[in-house]
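# Survey of secondary and tertiary structure
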Amino acid sequence: MAATRSSELGDLVQIKKQLISIIAQCKERGLVHSVKWASELAFSLETLPLNEIPPPPELTEEDAQDLDAFCLAKSYFDLKEYDRAAYFLRGCRSQKAYFLYMYSRYLSGEKKKDDETVDSLGPLEKGQVRNEALRELRVELSKKHSAGELDGFALYLYGVVLRKLDLLKEAVEIFVAATHALPLHWGSWLELCNLITNIEMLKSLSLPDCWVRDFFTAHMYTELQMIKEALQKYHSLMEAGFAKSTYIISQIAVAYHNIRDIDQALYLFNELREQDPFRIENMDTFSNLLYVRSMKPELSYLAHNLVEIDKYRVETCCVIGNYYSLRSQHEKAALYFQRALKLNPRCLGAWTLMGHEYMEMKNTSAAIQAYRHAIEVNKRDYRAWYGLGQTYEILKMPFYSLYYYRKAHQLRANDSRMLVALGECYEKLSQQVEAKKCYWRAYSVGDVERMALLKLAKLHEQLNESDDAAQCYIIYIKDIFSCGEQLEHAEVSNALRYLGQYYFKNRLYDEASLCAQRCCDYNDAREEGKALLRQISAVREQGEPSSTDLSLPCVFNPLSNNTTPVRRVSPLDLSSITP
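Residues numbered from 1 in each chain as written. Predicted model: local features only at pLDDT ≥ 70, side-chain atom pairs only at ≥ 80, totals over all residues. Heavy atoms only, no water.

### Considerations on the packing of helix 16 (residues 283–292) against helix 18 (residues 314–326)
A pair of packed helices can be characterised by two numbers: the angle between their axes and the separation between those axes. The line we're drawing: Axis angles are defined between N-to-C directions and span 0 to 180 degrees, where every axis is a line fitted to C-alpha atoms and, for a helix, only to the segment in contact. Every helix listed is a DSSP run of H or I at least four residues long, and every strand listed is a run of E at least two residues long, numbered separately from the N terminus. An angle below 35 degrees is read as roughly parallel, one above 145 as roughly antiparallel, one from 65 to 115 as roughly perpendicular, and any other as oblique. Here a residue-residue contact requires only that any non-hydrogen atoms of the pair lie within 4.5 Å. Lys, Arg, Asp and Glu make up the charged group, whereas Ala, Val, Leu, Ile, Met, Phe, Trp, Tyr, Cys and Pro make up the nonpolar group; the residues left over, Gly among them, are polar.
Following both chains from N to C, one finds helix 16 and helix 18 inclined at 10°, their axes separated by 8 Å at the closest point. Between helix 16 and helix 18, the angle is such that the two are roughly parallel. The residues of helix 18 that touch helix 16, namely those facing Met283, Asp284, Ser287, Asn288 and Tyr291, are Glu315, Cys318, Val319, Asn322, Ser325 and Leu326. A breakdown of the residues in the contact of helix 16 with helix 18 according to their chemical character gives five nonpolar, four polar and two charged.

### Some points on the nonpolar core
This is how the line gets drawn: Remark: nonpolar core denotes a set of buried residues (Ala, Val, Leu, Ile, Met, Phe, Trp, Tyr, Cys) joined through side-chain atoms within 4.5 Å. To sort residues, take the accessible area from a 1.4 Å probe on protein chains only and compare it with the maximum for the residue type: under 20% means buried, over 50% means exposed, and anything in between is partly exposed.
One finds Trp37, Tyr106, Leu192, Trp211, Phe215, Phe216 and Ile248 to be the most contacted residues of the largest nonpolar core, which totals 189 residues. Counting residues per element, this core draws most heavily on helix 27 (residues 466–482), which supplies ten residues. Those residues in contact with Leu192 that lie beyond four places of it in its chain are Val172, Phe175, Val176, Leu205, Leu207 and Phe216.

### What about the packing of aromatic side chains?
Formally: Pairing of aromatic rings covers Phe, Tyr and Trp, the last through its six-membered ring, and needs centres within 6.5 Å; plane angles under 30 degrees mean stacked, over 60 mean edge-to-face, and all others mean tilted.
One pass over the structure, following the stated rule, counts 30 aromatic pairs. Judged by centre distance (5.4 Å) and plane angle (70°), the ring pair of Phe77 and Tyr82 falls under edge-to-face. This pair shows no difference in class: Phe77 is buried, exactly as Tyr82 is. Relative to Phe286, the ring of Phe269 has its centre 5.3 Å away and its plane inclined at 25°; by these criteria the two rings are stacked. With Phe269 in helix 15 (residues 262–275) and Phe286 in helix 16, the pair connects residues that are 17 residues apart, well separated along the chain. Like Phe286, Phe269 is buried. Clustering of aromatic rings is evident, with ring pairs tying together Trp37, Trp186, Trp211, Phe215, Phe242 and Tyr247.

### Some details on helix 10 (residues 186–195)
Most of helix 10 sits inside the fold, with eight of its ten residues counted as buried. Among the residues of helix 10, those classed as buried are Trp186, Gly187, Ser188, Trp189, Glu191, Leu192, Cys193 and Leu195. Residues of helix 10 that are buried make contact with helix 3 (32–44), helix 8 (152–164), helix 9 (168–181), helix 11 (199–204), helix 12 (212–223) and helix 14 (246–258).

### What about the pattern of salt bridges?
To keep things clear, this is the line we draw: Salt bridge, as used here: a side-chain nitrogen of Lys or Arg that lies within 4 Å of a carboxyl oxygen of Asp or Glu.
If you walk through the whole model with that rule in mind, you get 29 salt bridges. The salt bridge partner of Glu81 is Arg84, with a shortest N-O separation of 2.7 Å. Judged by relative accessible area, Arg84 falls into the partly exposed class, the value being 39%. A salt bridge links Arg380 to Glu223, with the shortest nitrogen-to-oxygen separation between them at 2.9 Å. Placement of the pair is Arg380 in the loop between helix 21 (364–377) and helix 22 (382–394) and Glu223 in helix 12, with a sequence separation of 157 residues. Judged by its relative accessible area of 9%, Arg380 falls in the buried class.

### Thoughts on the environment of Lys455
Residue placement: Lys455 occurs in helix 26 (residues 452–462). C-alpha separation for the pair Lys455 and Cys472, spaced 17 residues apart in sequence, amounts to 9.2 Å. With residues up to four places along the chain from it excluded, the contact list for Lys455 reads Val420, Glu424 and Tyr439.

### A look at the environment of Lys169
By the element assignment, Lys169 lies in helix 9. Its relative accessible area of 65% is what places Lys169 among the exposed residues. Taking the C-alpha atoms as reference, Lys169 lies 8.7 Å from Leu195; in sequence the two are 26 residues apart.

### Quick look at a nonpolar patch on the surface
Put simply, the test is: Patches draw on residues past 30% relative accessible area with no salt bridge. Two like charges within 9 Å are joined, as are two nonpolar side chains (Val, Leu, Ile, Met, Phe, Trp, Tyr) within 5 Å. The Shrake-Rupley method, run with a 1.4 Å probe, gives the accessible areas here. Residue values count only the displayed protein chains as cover.
Together, Leu72, Tyr87 and Phe88 make up a nonpolar patch on the protein surface, roughly 270 Å² of accessible area in all. With respect to the helices and strands, the residue Tyr87 is situated in helix 5 (residues 82–88). With a relative accessible area of 47%, Tyr87 lands in the partly exposed category.

### Structural notes on the confidence of the model for the chain
Interpretation of the predicted coordinates at a detailed level should be avoided for regions scoring low in pLDDT. Applied cut-off: pLDDT measures how confident the predictor is about each residue, on a scale from 0 to 100.
In the predicted model, the chain carries a mean pLDDT of 85, and the fraction of residues at 70 or more is 88%. Scored below 50 in pLDDT, residues 123–127 makes 13 contacts in the model with residues more than four places away or belonging to other chains. Counting contacts from residues 557–579, a segment whose pLDDT is below 50, to residues more than four positions away or on other chains yields 48 contacts.

### So, helix 26
Every buried residue of helix 26 is listed here: Ala452, Leu453, Leu454, Leu456, Ala457, Leu459 and His460. Immediately downstream of helix 26, the backbone of Asn464 shows phi near 60°, a positive value.

### Re the side chain of Arg279
Selection criterion: Polar contacts, as counted here, are pairs of nitrogen or oxygen atoms within 3.5 Å of one another; within protein the pair requires one atom able to donate a hydrogen and one able to accept it, and residues that are adjacent in sequence qualify only if both atoms are side-chain atoms.
Position of Arg279 among the secondary structure elements: in the loop between helix 15 and helix 16. Given a relative accessible area of 5%, Arg279 falls into the buried group. Here the side chain of Arg279 touches Ser250 through a polar contact of 3.4 Å, side chain to side chain. At 3.1 Å, the side chain of Arg279 and the backbone oxygen of Glu281 are in polar contact. Among residues more than four places away in sequence, those in contact with Arg279 are Glu40, Thr246, Ser250, Leu272, Arg273 and Leu306.

### Regarding the side chain of His330
Inspection of the secondary structure assignment puts His330 in helix 19 (residues 330–343). Among all residues touching His330, those that are not within four sequence positions of it are Ser325, Glu357, Glu360 and Met361.

Encoded structure:
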């Protein structure tokens with residue numbers, strides 16, 4: 001399969017022809033997002049000479065009979081007069097006209113649903129407003145499907161209707177059938193992405209062997225947080241001939257954002273802005289990166305720029321919300337996220353960000369509702385699960401917190417923040433063994449916030465496991481020193497203080513003396529360091545020898561006063577409890 005797709009990818013001229021063909025077909029049917037995706041890819045490829053450009057598809061007898069009605073209805077459809085378009089398409093027999101007839105009815109129902117939602121409900125109300133046309137559409141499309149009369153586009157619409165009715169298993173089957181019937185239609189692949197929950201489900205699907213499948217697989221890897229595989233896939237696509245594709249550049253930038261490689265993601269988003277300065281898509285993700293880096297001038301410029309382009313876009317509202325949040329104006333931020341949700345109630349990022357703002361305003365009930373809405377939109381959004389865990393932690397409900405942190409951890413197995421949060425929950429529930437596992441695992445996968453070892457050391461302190469606590473503090477200090485970080489961590493002085501006392505109790509006076517000297521470098525530990533040095537001097541004057549117990553851990557070379565560790569201690573043995 002892979003070899004076949006690679007050879008297909010090698011024939012870029014053929015791919016360009018297929019893209020031009022599918023652009024025309026989607027444009028006739030009003031599938032604007034699929035048109036945009038295919039057009040961006042086609043633009044990144046070399047221009048075809050006139051004699052290579054594919055001709056428009058030939059009209060069938062049915063197409064010719066429906067042509068006048070179709071052209072009239074399409075003009076109404078483009079003006080968003082969906083009921084009017086559907087009225088003039090009644091009785092049309094061609095596949096193209098039938099799709100536009102059913103699609104117009106579907107969009108009419110969606111528009112009425114959205115209008116009713118905005119008019120009658122606040123952004124956090126649950127509501128049971130539904131598209132009333134869905135059940136009728138399902139019955140009619142089901143009959144046509146049983147008779148085998150649905151083409152690839154109609155199958156796509158049938159799948160959308162089933163998904164909206166929460167018939168997810170049936171929807172997956174129909175979308176798979178749609179990709180087989182029309183492999184070049186990106187809309188079917190994208191809908192399928194939203195229904196796949198894990199890698200096992202992805203592997204179990206029988207999908208067509210087409211070059212579009214590579215784009216789908218890369219997108220799916222990003223959604224499933226398999227970022228390494230996604231980046232490999234996207235880079236191979238760029239090497240195959242899509243190097244100029246703004247779609248691929250944006251997807252790679254989002255992938256780097258997901259693994260918190262902020263510098264690389266910022267670089268790619270800035271490059272994207274240079275190539276496509278009026279682009280609004282994905283700019284909310286770009287603003288998240290600027291927010292994390294506290295880049296106020298850049299975020300302000302981005303917000304003003306997007307307002308000039310289109311201030312009534314969801315992404316623009318989210319960027320402005322992030323700008324106000326960075327300025328700690330949380331009420332204004334929440335207001336703009338609400339505006340984003342009025343424009344698109346299924347905007348995942350806006351629900352999650354609004355939950356964060358309500359957390360900042362200490363409105364926990366509203367935060368819980370916002371996070372729950374985010375999960376309804378996309379159950380793979382680890383930020384919403386994590387946010388719910390934090391909210392219930394504030395409400396002092398650790399069992400609830402544990403459930404939601406576990407969900408977040410399942411989605412981001414190698415994210416240390418989820419593991420540290422789990423460890424804290426287990427501590428509160430007096431499950432110290434599980435807490436130790438989580439903290440050590442968090443350190444092992446790469447502790448982003450450098451808190452896991454400290455929490456593990458303090459837990460050992462509480463349990464009077466002084467040797468293990470000392471070992472954790474030693475590893476922590478060595479990691480800090482070896483990274484060459486400025487020792488601004490308040491916890492460094494606490495670690496040195498503990499180690500000084502630990503060595504003193506175990507009569508390792510040289511090591512204790514070095515720790516005490518380091519303590520003198522910190523204001524909050526200086527007096528204790530001096531007191532410990534005086535104690536060591538008094539003991540030495542009495543002639544008491546240092547211990548020669550080599551089994552005790554040692555953080556510094558006793559002959560050196562260098563701040564860089566020179567001997568790496570063997571890691572704390574948690575093999576019996578490490579998951």
